[in-house]
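Notes for the structure review
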Amino acid sequence: MTTSPIAININFDSLNENLGFPNGFRDPSYFEIFDNFMLFSEKYNFKYSIYIIGRDLENPEIAARVKDWHQMGHEIGNHSYSHHMSVGGLKPKELEYEIMKAHELIDTTTGQVPRGFICPGWSTSKKVVEILINNKYLYDASLFPSFIMYPSILKNAFNHLGRPDKLKEILSRRDYLFPLYKPLTPFFADKNFNAVPATSKENILVMPLPTLSRMSFAMWHTLIFVFGIEKSKKRLQNYLDKYPYFYYLMHPADLMGSDSVKDAKHTIERMEVDYKTKEAYATEAFELIKQSKRPIVTMEQLALHFIEESKTK
Ligand SMILES: [Zn+2]
């Protein structure tokens, strides 16, 4: 049993991004759908860590919403500028732009630089880690350390067969070997993405997607729609019991009703599931989290907690 705190994250994969940032589009993800998320934050009394796609913040209405979230105490993290599916596979200059353009937009919007980053599609690379260290990031949540990454990439590629540009993007990643040897639990990394002691000079805390063993599925909310609610509850309980510094990752689509997506061109999955069912699934998950008695904090606080504990070891 572990009693360490946990975080609740939202990778804010907006409809706006999914549809290619159409002009004049009012994205319900940032309005009605986020309000659905807020119901849980109020009921269970916690703050989210929300990873925003920088380009969305160029819309003043969205920027105003995100500023409010920041002022309410939710953490605003960096999910890159345009959500390129293999951001880690980009040329260094392009990659730096993807990270730093979003970094600046978040700073301008909230008045605070983001302290955490997550790659779109977990497509990390050594260069991602180097740029984050150079820009004083506290933590990175981009590592997918389980073998399940391979079928996940295939599935994502399959979903984009009709979009050759996206398909090429998805397959150009640089992290194909990472699930074979990178640590499964949080660790400090240097600019070469090697594990180093907490006391080393320049490092970043890498917080991998929670994964109990390399051969097992990692844990995030969306898998409820794959495994079904009963099996998913058992899996979540297992992670709550055994995985220290756990974070539970969600996406806007997890609380998006089928009626909120009218554009047939989207490639968002699980849109055939109605809102009532999605709400019920989220309630089941939050009830288990509550019963675990593990305190819910932001990822930044979780990272600081881990760093503090590493120093006293
Ligand atoms: Zn994403």
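So, a few notes on the structure that sits alongside this text. (Residues numbered from 1 in each chain as written. Predicted model: local features only at pLDDT ≥ 70, side-chain atom pairs only at ≥ 80, totals over all residues. Heavy atoms only, no water.)

1. Details of the coordination of the zinc ion
Distances from the zinc ion to its protein donors, Asp-13 (OD), Asp-13 (OD), His-79 (NE2) and His-83 (NE2), fall within 2.0 to 2.7 Å. Taken together, the 4 donor atoms coordinating the zinc ion and their angles of 54 to 136° define a geometry best described as irregular. In primary sequence terms, the donor set of the zinc ion follows D-x65-H-x3-H. Here Asp-13 is found in the loop between strand E1 (6–11) and helix H1 (15–18), whereas its partner His-79 is found in the loop between strand E3 (75–78) and helix H4 (92–110), with 66 residues between them in sequence. What makes His-79 buried here is its relative accessible area of 1%. (Donors = N, O, S within 2.8 Å, 3.2 Å for Na, K, Ca; no water. Tetrahedral: all angles 85-135°; square planar, octahedral: opposite > 155°, others 65-115°. Helix = DSSP H or I, 4+ residues; strand = E, 2+ residues; numbered from the N terminus. Buried < 20%, exposed > 50% of the residue type's maximum accessible area, 1.4 Å probe, protein only.)

2. Observations concerning the layout of surface pockets
Its boundaries defined by the atoms lining it, the largest pocket holds a volume of some 1,000 Å³. Lining the largest pocket are 42 residues, and of these Trp-122, Asn-156, Asn-159, Glu-269 and Arg-270 lie nearest its centre. When contributions to the lining of the largest pocket are tallied by element, the ones reaching two or more residues are H1, helix H6 (149–159), helix H7 (164–171) and helix H9 (224–227). Among the elements that take part in the lining of the largest pocket, H6 stands out by supplying 7 residues, more than any other. In terms of residue class, the lining of the largest pocket is made up of 20 nonpolar, 13 polar and 9 charged. Reported here for the second largest pocket is a volume of approximately 310 Å³. If you go around the second largest pocket, you meet 16 residues; those closest to its centre are Tyr-137, Lys-201, Glu-202, Asn-203 and Ile-204. Counting residues per element, the ones that place at least two in the lining of the second largest pocket are strand E8 (204–206) and helix H12 (299–312). A class-by-class count of the residues in the lining of the second largest pocket yields 8 nonpolar, 3 polar and 5 charged. (1 Å grid on protein atoms, 1.4 Å probe; cavity = no way out; pocket = protein on both sides within 12 Å on 5 of 7 lines; lining within 4 Å. Points joined across faces, edges and corners; volume = space filled by probe spheres on them. Nonpolar A, V, L, I, M, F, W, Y, C, P; charged D, E, K, R; others polar.)

3. With respect to the pairing of strand E2 (residues 49–52)
Because side chains alternate across E2, one face comprises the buried residues Ser-49 and Tyr-51, and the other comprises Ile-50 and Ile-52, equally buried. Pairing analysis gives 3 bridges linking E1 to E2, with the strands arranged parallel. Within E2, the position partnered with Ile-10 by the bridge is Ile-50. Taken together, the 4 bridges between E2 and E3 define a ladder with parallel strand orientation. (Pairing = 2+ DSSP bridges.)

4. Thoughts on the environment of Lys-155
Note that Lys-155 resides in helix H6. The sequence separation of Lys-155 and Lys-166 amounts to 11 residues, and the corresponding C-alpha distance is 13 Å.

5. Brief notes about the packing of aromatic side chains
All chains considered together, the criterion is met by 28 aromatic pairs. Ring centres of Phe-178 and Tyr-181 lie 6.3 Å apart, and the angle between their planes is 85°; this geometry places the pair in the edge-to-face category. In this pair, Phe-178 and Tyr-181 both sit in helix H8 (residues 178–181), 3 residues apart, roughly one turn of the helix. Residue class for Phe-178 comes out buried when judged on its relative accessible area of 9%. Through a chain of ring-to-ring contacts, three or more aromatic side chains come together here, namely Phe-12, Tyr-30, Phe-34, Phe-37, Phe-40, Tyr-44, Phe-46, Tyr-48, Trp-69 and Phe-286. For Lys-278, the ring lying beneath its charged end belongs to Phe-225, and the centroid distance is 5.9 Å. (Phe/Tyr/Trp six-rings, centres within 6.5 Å; stacked < 30°, edge-to-face > 60°. Lys NZ or Arg CZ within 6 Å of the ring centre and 35° of its normal.)

6. Concerning the side chain of Ser-146
The topology assignment puts Ser-146 in the loop between strand E5 (139–140) and H6. Excluding residues that lie within four positions of it along the chain, Ser-146 makes contacts with Pro-179, Thr-211, Ser-213, Arg-214, Ser-216 and Ala-218. (Contact = heavy atoms within 4.5 Å.)

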